[in-house]
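# Chains, contacts and geometry: an overview
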Amino acid sequence: MPVIEFKKVEKYYGKFHALKNINLQVEKGEVVVVIGPSGSGKSTLIRTINGLEEIEEGQLLVNGYDLADKKTDLNQIRKDVGMVFQHFNLYDNKTVLENIMLAPKLVLKRNENENKETALKLLKSVGVSDKTASYPKQLSGGQKQRVAIARSLAMKPKALLFDEPTSALDPEMIDDVLNVMKEIAREGMTMVVVTHEMGFAREVADRVVFMDKGEILEDAHADEFFEAP
Ligand code: ADP
Ligand code: ADP
């Protein structure tokens, strides 16, 4: 069973048709990169996967739960599917360590010792061990994004969604974040990544999905996609 499966999904913002007949499957451990012009629906597409945007028609199965079904518990989906945003969305009034520990404590009821141990391990793996007691405003953009990634991983998600994770970063910080993402991919995480970083797509993606005007125009193996025509 795919981790994520869109079947004939339609999404409207009022009268605006934002997603048109979306059919897409993401298998366990796959990395799918979504590209396309600004306004083509990339962000909308991945936001539907954890219920940040509702769909109007079709079926969207995430870990077997149907997001088109109003009875589906979005909290369950969000526990299983993490999201990394362009603008980090960290809690500004909490330290780095507190940012990581909050959701596992509240949502998973993970005990304090285990929670802290997991958090510190993750902060080390993303290279910000020295910032555990800092507040987000004391970090660079690249550090903030690596903390945001660690925070998502702390929930031990079954899949991670990335919405232009490097678009708000200064150029010299982009590689640090992409390298962390590459490592997560290597470890087998199921990932859907909206990005303009074609080097990342070429190196890491299993498949590349090209969107335009709310439609998927191409869904190809990365090797095929990057092959000269
Ligand atoms: P992309 O991520 O490819 O830039 P988006 O998914 O952000 O595209 O947006 C797709 C289209 O939907 C755009 O035309 C955008 O203006 C429109 N849109 C996005 N969010 C909303 C919203 N909340 N209300 C109305 N229109 C929206
Ligand atoms: P991003 O850079 O993350 O794609 P956008 O600037 O496209 O952000 O959108 C920022 C917010 O505004 C989003 O929550 C999106 O849903 C909303 N939005 C985007 N386009 C429109 C629109 N045409 N009408 C109303 N809301 C919109």
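Refer to the structure above for everything that follows.
Read on for an overview of the structure. (Residues numbered from 1 in each chain as written. Chains lettered and ligands numbered in written order. Predicted model: local features only at pLDDT ≥ 70, side-chain atom pairs only at ≥ 80, totals over all residues. Heavy atoms only, no water.)

What follows covers the overall build of the chain. On a plain count of helices and strands, the chain comes out with eight helices and 10 strands. Whereas a compact globule of 229 residues would reach a radius of gyration of roughly 17 Å, the chain reaches 17 Å, a difference of no more than 12%. For the chain, the spread of C-alpha atoms along the three principal axes comes to 45 × 45 × 30 Å. Residue burial in the chain is summarised as follows: out of 229 residues, 51% are buried. When contacts within the chain are restricted to residue pairs at least 6 apart in sequence, those whose partners lie at least 24 apart make up 66%. With an accessible surface of roughly 11500 Å², the chain has 47% of that area assigned to carbon and sulfur atoms. Charge centroids of the chain, computed over 31 positive and 36 negative side chains, lie 7 Å from each other. (Helix = DSSP H or I, 4+ residues; strand = E, 2+ residues; numbered from the N terminus. Rg over C-alpha atoms; globule rule 2.2 N^0.38 Å. Buried < 20%, exposed > 50% of the residue type's maximum accessible area, 1.4 Å probe, protein only. Contact = heavy atoms within 4.5 Å. Areas by Shrake-Rupley, 256 points an atom, 1.4 Å probe, with all protein chains shown as cover. Lys, Arg positive; Asp, Glu negative; His and termini not counted. Charge placed at Lys NZ, Arg CZ, Asp CG, Glu CD.)

Turning to helix 3 (residues 96-106), a few remarks are in order. If you check which residues of helix 3 are buried, you get V96, L97, N99, I100, M101 and P104. In the core, the buried residues of helix 3 are packed alongside helix 4 (112-125) and helix 5 (141-154).

Here we take up the pairing of strand 9 (residues 207-212). The sheet contact formed by strand 3 (residues 31-35) and strand 9 spans four bridges and is parallel. Each bridged residue has a counterpart across the sheet, and for V33 the counterpart in strand 9 is V208. Across six bridges, strand 9 lies against strand 10 (residues 215-221) in antiparallel orientation. Along strand 10, the bridge assignment pairs M211 with I216. (Pairing = 2+ DSSP bridges.)

With that settled, the discussion passes to the site of ligand 1. Around ligand 1 lies a shell formed by Y13, F16, P37, S38, G39, S40, G41, K42, S43 and T44. G39 places a main-chain nitrogen or oxygen 2.7 Å from an oxygen atom of ligand 1. Contact between ligand 1 and S43: an oxygen atom at 2.8 Å from a main-chain N or O atom of the residue. Relative to its unbound accessible area of 560 Å², ligand 1 is 58% covered by the protein chains. Of all the elements, helix 1 (residues 42-49) adds the most residues to the shell around ligand 1, at three residues. Tallied by class, the residues present in the shell around ligand 1 amount to three nonpolar, six polar and one charged. (Near = heavy atom within 4 Å. Polar contact = N/O pair within 3.5 Å; in protein donor to acceptor, adjacent residues only side chain to side chain. Nonpolar A, V, L, I, M, F, W, Y, C, P; charged D, E, K, R; others polar.)

With that settled, the discussion passes to the sheet that holds strand 5 (residues 65-66). Taking strand neighbours across the sheet as the criterion, the four strands line up as 2-1-4-5 in an open arrangement whose pairing is antiparallel. Because the sheet does not close on itself, it has two edges, and the strands there are strand 2 (16-26) and strand 5. Where strand 4 (residues 57-62) and strand 5 come together, two bridges link them in antiparallel fashion. Opposite V62, over in strand 5, you have Y65 as the bridge partner.

Moving on to the layout of surface pockets. For the largest pocket, the calculated volume is near 570 Å³. Taken together, 21 residues make up the lining of the largest pocket; nearest its centre are R78, M83, Y91, A103 and M155. At the level of secondary structure, the elements contributing two or more residues to the lining of the largest pocket comprise helix 2 (74-80), strand 6 (81-84), helix 3 and helix 5. The space that makes up the second largest pocket amounts to roughly 320 Å³. For the lining of the second largest pocket, the secondary structure elements donating two or more residues are helix 4 and helix 6 (171-186). In terms of residue count, helix 4 provides more of the lining of the second largest pocket than any other element does, four residues in total. Residue composition of the lining of the second largest pocket, by class: seven nonpolar, three polar and four charged. (1 Å grid on protein atoms, 1.4 Å probe; cavity = no way out; pocket = protein on both sides within 12 Å on 5 of 7 lines; lining within 4 Å. Points joined across faces, edges and corners; volume = space filled by probe spheres on them.)

This paragraph deals with the environment of D92. Relative to the assigned elements, D92 resides in the loop between strand 6 and helix 3. Under the relative-accessibility criterion, D92 is labelled exposed at 57%. Note: C-alpha distance between D92 and D130 (38 residues apart in sequence) is 18 Å. Once residues lying within four places of it in the same chain are set aside, the contact partners of D92 are Y135 and P136.

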